[in-house]
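Residue-level structural notes
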Amino acid sequence: MYTHEDLARLQTQSLKMQGWIRRQTFSPDNQKSLRRFSSWEVSELIFRINQSTFRGKLAADPNLPLGEVEEDGRQRWFSLEEINELRRRVRVGKRSLMPPRPKGRRAFRAAIANFKGGAGKSTVALHFAHAAALDGYRVLVVDFDPQATLSHSMGLTDVGEDHTVWGIMARDLERETDRMNAAIAGAESGTTLPQRKLPASIRDMGLGMLRPSDFIKPTAWPTIDIVPSCANAAFVEFASAQYRHLNPEWTFFGAVSRFLDALPDEDYDLILFDCPPAIGYQSMNAVFAADMLYVPSGPGYWEYDSTTSFIGQLAEALEDLSHGFENFPTGKITLPKVFYDIRFLMTRFEPSNELHQAMLGAFRQVFAERMAEHPIELTRAVEQSGRFLSSIYEIDYREMTRNTWRRARATFDQAYEEFRGHVLTAWEQIEESEA
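Before going into details, it helps to say that this report is about the structure given with it. Here the structure is a predicted model, which means the values were calculated and not measured.

1. Digging into the overall build of the protein
- Summing up its helical and strand segments, the protein has 15 helices and 12 strands in all.
- Long-range pairs, those at least 24 residues apart, make up 80% of the contacts in the protein between residues at least 6 apart in sequence.
- Looking at the protein as shown, the accessible area adds up to about 20,700 Å², and 51% of this sits on carbon and sulfur atoms.

Below is the structure:
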């Protein structure tokens, strides 16, 4: 016979091993750090210019960041801060190296969602965030998944549940309840209406007084911040059900959207959501706040079946929200919920596998132009990056053969380039009044 005490004891044992794994994965002080990038990577893979052109730009202006030189003097290595300084100051012909961003628009929000576990949501979110940062964008990632894979991959291992999406939702409940009570008190009808009351257990947490920035943590990447998750935040579904009972008129699904509305538009360019493998209070917050829905799926039949169920259940959930909440404030996102784009992306694809080829064909036949053209291939380097909680962009190509590293990077580069193209097209559709 086993009880919660046995589960707690097993968790204690696991946490000891978890600490050891993190020490092997990150640096000795348990802090993840970002490597430098070679002049070859900077010129050809990041700036997309010829190496000789890049060397010429550095030679012409000694005030530019020059990076660090290897002992043999053959290669320069640049930090991301130095890369971004070069991006701001260097032009190639008349071309700026700054990434495109529509004028007058707020940050673009994309949700990576599917309720099938193992579909590659966290892997896609991690790689898209890193690729966007290398592209020059300022990125905020929001980890909605209590498994916290993305948070751990970003180097955050000691997170309190108060500063996760659960904390954001509890804060929103308190602030929205206060707003509703103030509206009742200020009504001119003369009718006395009951005030909505919250228990001291919620008020005493002090979350209502926190600023949006209090939930945002820096990462090893200087242009990527994160709203992290943690295993203790798994009870958010239970807590949220209780919160709805305390205030049935609380638009729970708009909590994260309202949180993001409070961030200055100039702080970030791209906001990425890593969603949990379920349709619940957290995932509905992510979906409702998103401008674009990106649905990754593995290449098997069961993944196809799960994806089909996911979009069906999501459609029903969004339809339910469209009826009954029409007169409640939902921030910059309106009801009924509208996405500027929806895309499906195949992950873990093996080009030589006939079943994978057949499933890719089936996905394309069903979803047509909604299907991403470039699937993410499963390579040994991709598997290795997952084992070490890193993206392929964080792995030094000298740790393996350059061809192996290039192949793995190429599959994510192609997927990101396609993603960026869809983002830029959808971004233009956002009304300037939303900014």
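Back to the text.
2. Re the environment of R89
- Among the structural elements, R89 can be located in helix α4 (residues 80–89).
- Separated by 25 residues in the primary sequence, R89 and L64 place their C-alpha atoms 8.0 Å from one another.
- Here N63 takes part through its backbone oxygen, which lies 3.3 Å from a polar atom of the side chain of R89.

3. Concerning the packing of aromatic side chains
- In total, this model carries 24 aromatic pairs according to the counting rule given.
- Between F215 and F259, the aromatic rings sit 5.9 Å apart at their centres with planes inclined by 85°, giving edge-to-face as the arrangement. Note that F215 is positioned in the loop between α8 (200–203) and β8 (217–218) and F259 in helix α10 (residues 255–261), a separation of 44 residues in sequence.
- Judged by centre distance (4.9 Å) and plane angle (75°), the ring pair of F253 and F288 falls under edge-to-face. Taken together, the residues span a long stretch of sequence, with F253 in the loop between α9 (236–246) and α10 and F288 in helix α11 (residues 281–289) at a distance of 35 residues. Each member of the pair F253 and F288 is classed as buried.
- By the ring-pair criterion, three or more aromatic residues cluster together here, those being Y243, W250, F252, F253, Y281 and F288.

4. Points about the sheet that holds strand β1 (residues 37–38)
- Across the sheet, 3 strands lie side by side as β1-β3-β2; this open sheet has antiparallel pairing. Each end of this open sheet is capped by a strand with a single partner; those strands are β1 and β2 (68–69).
- The sheet contact formed by β1 and strand β3 (residues 76–78) spans 2 bridges and is antiparallel. The residue of β3 that forms the bridge with S38 is W77.
- Helix-sheet contacts for α4 involve β1 and β3, and the interaxial angle to β3 is about 90°.

5. Points about the environment of W250
- In this structure, W250 sits in the loop between α9 and α10.
- Taking the C-alpha atoms as reference points, W250 and E176, 74 residues apart in sequence, are found 6.9 Å from one another.
- At 2.8 Å, the side chain of W250 and the side chain of D172 are in polar contact.

6. Looking at the pattern of salt bridges
- The full count for this structure, using the stated rule, is 28 salt bridges.
- Across the pair R203 and E174 runs a salt bridge, and its minimum N-O distance is 3.5 Å. With R203 in helix α8 and E174 in helix α7 (residues 165–185), the pair connects residues that are 29 residues apart, well separated along the chain.
- Its relative accessible area of 28% is what places R203 among the partly exposed residues.
- A salt bridge links R179 to E176; the nearest nitrogen and oxygen atoms lie 3.1 Å apart. Taken as a pair, R179 and E176 lie in helix α7 at a separation of 3 residues, close to a single helical turn.
- One network of salt bridges, with partners in common, ties together D61, E85, R88 and R89.

Rules used in this analysis
- Residues numbered from 1 in each chain as written.
- Predicted model: local features only at pLDDT ≥ 70, side-chain atom pairs only at ≥ 80, totals over all residues.
- Heavy atoms only, no water.
- Helix = DSSP H or I, 4+ residues; strand = E, 2+ residues; numbered from the N terminus.
- Contact = heavy atoms within 4.5 Å.
- Areas by Shrake-Rupley, 256 points an atom, 1.4 Å probe, with all protein chains shown as cover.
- Polar contact = N/O pair within 3.5 Å; in protein donor to acceptor, adjacent residues only side chain to side chain.
- Phe/Tyr/Trp six-rings, centres within 6.5 Å; stacked < 30°, edge-to-face > 60°.
- Buried < 20%, exposed > 50% of the residue type's maximum accessible area, 1.4 Å probe, protein only.
- Pairing = 2+ DSSP bridges.
- Axes fitted to C-alpha atoms, helices over the stretch in contact; angles between N-to-C directions.
- Salt bridge = Lys/Arg side-chain N within 4 Å of Asp/Glu carboxyl O.

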